[in-house]
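An overview of the molecular structure
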Amino acid sequence: MAAVFLYLVFSVALPAIIFIVHRSSRCRRLRLPPGSLGLPFVGETLQLISAYKTENPEPFIDERVNRFGSVFTTHVFGEPTVFSVDPETNRFILQNEGKLFECSYPGSISNLLGKHSLLLMKGNLHKKMHSLTMSFANSSIIRDHLLVDIDRLIRLNLDSWPDRVLLMEEAKKITFELTMKQLMSFDPCEWTESLRKEYVLVIEGFFSVPLPIFSPTYRRAIKARTKVAEALSLVVKQRRIESESGEKRKDMLGALLASDDDGGLSDEGIVDFLVALLVAGYETTSTSMTLAVKFLTETPLALAQIMVSVR
């Protein structure tokens, strides 16, 4: 047992020393802002995840701002990362995106998004796909059906609620079902619920240590991403056959297939694109819905004014 322990210590310690030296020399070469890279391999990912899971994640930022200033370096999700809470710096970065700066994600997150994800695209292809997405979002298809679908899905879920529910979880479920309807015209069913459960595992992987050997959460996320991709691939293949035979559907997948006249998007590319759109609205929309209920419940006057305007 002692021999095994010593082997594990040396097998971890030796790469750690090399990693520390490599990181230190790399940071000096890049002249990154002041900060701390934390533990070898893990960096400060654990602290960030712990803060994210509390009611107030801001101390992670505040502590480092007090120590290093409004622009500081850390190491999260497997890569050195610069945080900025300085308005002028942030404005400069946003104004020069695509010129001096390029949008990117850590490799661990890219693995979950897929190499053809909209969030990872750059240049003309990104502009094309972004334009396609916005055109669909502003189309008459959305205007004519979105509110109707929202009302129907919310009523359907409300009817199935017991006396006590976790609102945030229910909001996530509604968001996912609505997104599936807009993307691929699927109404809630056993298949969509099974897909949602796998998708939740993928989302959890975004906020985990990106080391499959040591992180069961990230390992489950990778496996779930494969299952989601396989399920969506079958849908894309069937819809492509239908599209080629002249059958069209008015959803995001239909728009993607219709725009693919030059063969620019493979089935894998469309799947990655759909996964990215599912990711984009899942947490943000459900959080906004939950906070809206919370604040309206705590502000009876505002709730009463909304009820009057609705009537």
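Named according to an unreviewed UniProt entry, the chain is cytochrome P450 superfamily protein-related originating from Salix koriyanagi. Under the UniProt heading Subcellular location (unreviewed entry), the entry covering the chain gives this text: "Membrane". In UniProt, the chain has this text filed under Cofactor (unreviewed entry): "heme".

1. A closer look at the nonpolar core
M252, L256 and L274 are the most contacted members of the largest nonpolar core, which totals 44 residues. Among the secondary structure elements, those contributing two or more residues to this core are α5 (107-113), α6 (123-137), α8 (167-184), α9 (190-206), α10 (216-244), α11 (252-258) and α12 (267-298). By residue number, the principal contributor to this core is α12, which donates ten residues. Core analysis: the second largest hydrophobic core is formed by eight residues, A51, I61, F77 and F83 among them.

2. Observations regarding the environment of L113
Along the polypeptide, L113 turns up in helix α5. Considered as a pair, L113 and L277 are 164 residues apart in the sequence and their alpha carbons are 10.0 Å apart. Not counting residues within four places of it along the chain, the set of residues in contact with L113 comprises Y105, L119, L120, F206, R225, D272, V275 and V279.

3. Some details on the pattern of salt bridges
Oppositely charged side chains can form a pair if their charged atoms are brought close together. For the structure shown, the criterion picks out 16 salt bridges. When the shortest N-O distance is used, the salt bridge between K181 and D187 registers 3.3 Å. Taking relative accessible area as the criterion, D187 reaches 35% and is therefore assigned partly exposed. Ionic pairing is found between E193 and R196, a salt bridge with its closest N-O pair at 2.8 Å. Linking E193 with R196, this pair stays in helix α9, spanning three residues, or about one helical turn. A single salt-bridge network, built from bridges that share partners, covers D149, R152, K181 and D187.

Conventions we followed
Residues numbered from 1 in each chain as written. Predicted model: local features only at pLDDT ≥ 70, side-chain atom pairs only at ≥ 80, totals over all residues. Heavy atoms only, no water. UniProt positions renumbered as here; feature names shortened; annotations may be inferred. Core = buried A, V, L, I, M, F, W, Y, C linked by side-chain atoms within 4.5 Å. Buried < 20%, exposed > 50% of the residue type's maximum accessible area, 1.4 Å probe, protein only. Helix = DSSP H or I, 4+ residues; strand = E, 2+ residues; numbered from the N terminus. Contact = heavy atoms within 4.5 Å. Salt bridge = Lys/Arg side-chain N within 4 Å of Asp/Glu carboxyl O.

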